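Structural overview for review
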Amino acid sequence: MAFIRKKRREQQLQLYSKERFSLLLLNLEEYYFEQHTANHIRHKGSQNERKIRGSLKICSKSVIFEPDAISQPIIKIPLRDCIKIGKHGENGANRHFAKVVSGGISLIFSQVYFIKEHNIVAPYKIERGTMEYVFELDVSGKVEGVVETLLQLHRASCLDKLGDQTAMITAILQSRLARTSFDKNRFQSVSEKLHMECKAEMVTPLVTNPGHVCITDTNLYFQPLNGYPKPMVQITLHDVRRIYKRRHGLMPLGLEVFCTEDDLCSDVYLKFYERQDRDDLYFYIATYLEHHVAERTAEGYTLQWQRGLLSNYQYLLHLNTLADRSCNDLSQYPVFPWVVGDYSSSELDLSNPGTFRDLSKPVGALNKERLERLLTRYQEMPEPKFMYGSHYSSPGYVLFYLVRIAPEYMLCLQNGRFDNADRMFNSIAETWKNCLDGATDFKELIPEFYGDDVSFLVNSLKLDLGKRQGGQMVDDVELPPWARSPEDFLQKSRDALESDYVSEHLHEWIDLVFGYKQKGRDAVGAHNVFHPLTYEGGVDLNSIEDPDEKVAMLTQILEFGQTPKQLFVTPHPRRITPKFKSLSQPSSYNASTADTPGEESFEDLTEESRTLAWSNITRLQLHEQHKIHKEAVTGIAVSRSGSSVFTTSQDSTLKMFSKESKMLQRSISFSNMALSSCLLLPGDATVVSSSWDNNVYFYSIAFGRRQDTLMGHDDAVSKICWHDNRLYSASWDSTVKVWSGVPAEMPGSRRHQFDLLAELEHDVSVDTISLSAASTLLVSGTKEGTVTIWDLTAATILHQIPCHSGTVCDTAFSPDSRHVLSAGADGCLNVVDVQTGMLISSMTSEEPQRCFLWDGNSVLSGSQSGELLVWDLLGGKIRERIQGHTGAVTCMWMNDQCSSVITGGEDRQIMFWKLQY
């Protein structure tokens, strides 16, 4: 998993440097400045005098000596515990020594730590009492400079106020950075062109490392000030797949760069000193990526997840990444939910809803009795109120789970100690029980619980993690009865995460952690209120003038944990269940169609042919074309046999074209105003046309004459639909009207009186409408860019979404009616979730898309320039551009098998297209 891979990457760097030393030996917020080869002189002046060869490391709050021999412990001397620092033998220091050590540095101190003796990771050993250590540098000429640096850092460490300490150390660091610059001899090629250079820090869990960032036309570089763990980090821009701006320490100064598509573990995480530097570097890389990689948003991933292209696990990874969660920042480590609630049964029954945790509630609300106590305290609490005194994700909780694989991180966080043995991560069941019953334990899980690496569950390093009250040593994590092994536990946890129950309810947990129930009234109603400091924007560090208060506030926030960045402000859509699309072959799915084992119905075969057709839609080829109108074509309708094609045009005519004879058979004009759309009624006996003269015309094919006129609007009728003897008409008079009635069957007979069943009112003119498959829902698009989804059974608005910055050109439901796609004059294709009204995907082209057809995953659109574009909505890209009309494509038709397409355009032509397999 993410952290484990990160740990292994760092171990590889350790092999590179051949050191036991790591930045985790430093205190939090401490910097490693420089190192010098040196000898530690033991028992100076006695018969037992000996020299221990090693490396002396100067850090902002300590001096660390790493012996070459791994049998010897690493020595760490906190500068605040130093009594005297100087050149050995100077100013009376060690006057009883007869001989002054050349190049010697003397440290007199009251406390020292011994670490990793025999290279064993264990709690630090502490020795107290006044002591003197002497270190002899190989280069004696450096002694004076090192002593001067140590004295300066010692003064900083001894300042009374923490804020003053931080300010002085920061000033020393910035002075060192200012005196150095990026070594351009490190460029991969002499032809590289420098774009920008600035100061920054490379962020890894719990520590940061200052240095210089440099970006050229081909590479991104980071050169650590101290040359640790290697002299240079280099990333080729061509390999970059994703970049994200990050909050670090609550400040917008971070930038994370990924060379992988789906990994949580980034290739470099940088923290800048100036926001402008961060933004400039981001802009340069983003501009480079525009030509190589499609940008992804939370909404785009939501569509992929709903349609089954992403698993629950993958989707949660992407949401965490977009919400500023990073495996490099333990205060913002990726958060995953507990999904199983049964850790006592011998078998895990994933078909039983009682097996699962209630995903609609935060962990703190799962126990009713505990929640009542918390709510009582909440009611009595002064503002700002919060329900939970601890968070569901914090550095301590992350390392609680990961101590067996990352013990040095735990020691770093807890000043060289492991936690009490009885408070360790000893048992899955115990941990879950404490999350349910504990007064202050509300933690969720981490991605490792759904990964494939069992390292964090097994004490493979044979760490001495202490002895519990019952006498047993802390060793491997105790698994629930239903898990036969750590591997089996992870596999069943993954199965539970991907189960139907979790798929149907995961959106409820997303609402709590990443969505609209994260903040405000909805959070209160969901019992999901944490301390104000954990939320983005909960405190403005720049407004705090007292440096002590600022440092204390930042420390408190980082240790307490942070709530993810809010990604959604409306209810999150459900996943489409119970069937999911194949991950290798996306296709549309009709939820109303059931499978019959061993049988293939006609509908199944038709669905297969549609899937095959849409997977090959890029192979669409022009078969023939005919210019049959004098103005733009506005509508196309085709008889069920496919032999007759009816078209309307702005030239005010309805035309009937024979596909077999390739001849125009009829031309009908109802008025001198443009016709806007047409459709064939069931039975292919009547063509219905809408007109800019405010009317809808019914034309009898058999009798060759107009048989009915519906005068139902006060302005042009822009689009019509028909289902089950009901006519739906959209108009520029700002209404959509629903009519009931059957047109007259014979000319000369009494004309039918259409009954107005409903009037759906809009604020501005309506340009397009479309019906869902069952005709229980209608979607409309207006000239001001609003898409409205209507419940036709009650004639009420379900959702109103301002989707576009200009006219909505076309709208349509997906075949399963789960989503609505809209195309606008602004060039955008937007997907809206029908259930929640959430905009879950948006793609942009350089020109308006006037009309389209789609299967829920792919789109065939007609553009303003006359091209046909094939869009991969799930992949977020345009797959193909097909040359078509010489003017805008204005209307499209596709047969049931999705193998034939007819388009009409402003060039007055209709074009016949066929798929060539």
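Here the structure is a predicted model, which means the values were calculated and not measured.

With that settled, consider helix α12 (residues 500-513). Taking 1.5 Å of rise per residue, the 14 residues of α12 would be expected to cover 20 Å, and the 21 Å separating its terminal C-alpha atoms lies within 8% of that figure. Of all 14 residues in α12, 10 are buried; the element is thus mostly enclosed. The set of residues buried in α12 consists of Tyr 501, Val 502, Ser 503, Leu 506, His 507, Trp 509, Ile 510, Asp 511, Leu 512 and Val 513. On its buried side, α12 packs onto α5 (298-306), α6 (312-322) and α11 (486-497).

Taken from the UniProt record, the annotation "repeat: WD" (unreviewed entry) applies to residues 710-740, 759-800, 801-842 and 882-917. Secondary structure across residues 801-842 divides into 0% helix and 57% strand, with the first and last C-alpha atoms of the span separated by 13 Å. Measuring from the first to the last C-alpha atom of residues 882-917 gives 16 Å, for a span that is 0% helix and 56% strand.

The end-to-end C-alpha separation of α11 is 17 Å, in line with the 16 Å expected for 12 residues at 1.5 Å each. Listed in full, the buried residues belonging to α11 are Asp 488, Phe 489, Leu 490, Lys 492, Ser 493, Ala 496 and Leu 497. For α11, the elements touching its buried residues are α6, α10 (428-437) and α12.

Attention now moves to the confidence of the model for the protein chain. Where the model shows low pLDDT, its predicted coordinates should not be examined in detail. Summarising the model, the protein chain shows a mean pLDDT of 90, and 91% of its residues fall at 70 or more. Note on residues 579-603: pLDDT under 50 across the span, and 35 contacts to partners over four residues away in sequence or across chains. Contacts of residues 746-750 to residues separated by more than four positions or lying in other chains number four contacts, the stretch itself having pLDDT below 50.

The next subject is the sheet that holds strand β15 (residues 620-627). Strand pairing in a sheet is mediated by backbone hydrogen bonds. Such pairs are either parallel or antiparallel. Taken together, four strands build an open sheet; the order of strands is β15-β42-β41-β40 and the sheet is antiparallel. Single-partner strands in this sheet number two, and they are β15 and β40 (889-894). Averaged over all adjacent pairs, the angle separating strand axes in this sheet is 20°, with direction ignored. Bridge count for β40 against strand β41 (residues 900-905) is five bridges, and the pairing is antiparallel. Note on β41: the bridge partner recorded for Met 892 is Thr 903.

What follows concerns the packing of α5 against α6. In contact at an axis separation of 10 Å, α5 and α6 are set at 175° when each is read in the N-to-C sense. By the criterion of interaxial angle, the relationship of α5 to α6 is roughly antiparallel. Of the residues in α6, those in contact with Ala 298, Tyr 301, Thr 302 and Trp 305 of α5 are Asn 312, Tyr 315, His 318, Leu 319 and Leu 322. Split into classes, the residues belonging to the contact of α5 with α6 amount to six nonpolar, three polar and no charged.

Moving on to the packing of aromatic side chains. If you walk through the whole model with that rule in mind, you get 37 aromatic pairs. Note on Phe 187 and Tyr 221: the rings are 5.4 Å apart at their centroids and 20° apart in plane angle, and the pair reads as stacked. Residue Phe 187 is located in the loop between α3 (162-178) and β8 (194-204), and its partner Tyr 221 is located in strand β10 (residues 219-224); the two are separated by 34 residues in the primary sequence. Across the pair, exposure class does not vary: Phe 187 and Tyr 221 are buried alike. Here the aromatic rings of Phe 425 and Phe 449 are separated by 6.0 Å at their centres, their planes lie at 50°, and the arrangement is tilted. Separated by 24 residues along the polypeptide, Phe 425 in the loop between α9 (407-413) and α10 and Phe 449 in the loop between α10 and α11 bring together distant segments of the chain. Overall, Phe 425 belongs to the buried group, its relative accessible area being 1%. Here the aromatic cluster, defined as three or more aromatic residues joined through ring pairs, consists of Trp 338, Tyr 343, Phe 400, Tyr 401, Phe 425, Trp 432, Phe 449, Phe 456, Trp 482 and Phe 489. When the ring centre of Phe 258 is taken as origin, the NZ or CZ atom of Arg 242, which lies over that ring, is 4.2 Å away. The ring of Tyr 397 has Lys 443 lying over it, and the distance from NZ or CZ to the ring centre is 5.0 Å.

All right, on to the nonpolar core then. Ranked by size, the top nonpolar core spans 123 residues in total, and within it Phe 449, Phe 489 and Phe 514 carry the most contacts. Sorting elements by how many residues they give to this core places α12 first, with seven residues. Among the nonpolar cores identified, the runner-up in size contains 32 residues, and Phe 109, Tyr 133, Leu 137 and Leu 173 belong to it.

Thresholds applied
Residues numbered from 1 in each chain as written. Predicted model: local features only at pLDDT ≥ 70, side-chain atom pairs only at ≥ 80, totals over all residues. Heavy atoms only, no water. Helix = DSSP H or I, 4+ residues; strand = E, 2+ residues; numbered from the N terminus. Expected span 1.5 Å × (residues − 1). Buried < 20%, exposed > 50% of the residue type's maximum accessible area, 1.4 Å probe, protein only. Contact = heavy atoms within 4.5 Å. UniProt positions renumbered as here; feature names shortened; annotations may be inferred. pLDDT = per-residue confidence, 0-100. Pairing = 2+ DSSP bridges. Axes fitted to C-alpha atoms, helices over the stretch in contact; angles between N-to-C directions. Parallel < 35°, antiparallel > 145°, perpendicular 65-115°, else oblique. Nonpolar A, V, L, I, M, F, W, Y, C, P; charged D, E, K, R; others polar. Phe/Tyr/Trp six-rings, centres within 6.5 Å; stacked < 30°, edge-to-face > 60°. Lys NZ or Arg CZ within 6 Å of the ring centre and 35° of its normal. Core = buried A, V, L, I, M, F, W, Y, C linked by side-chain atoms within 4.5 Å.

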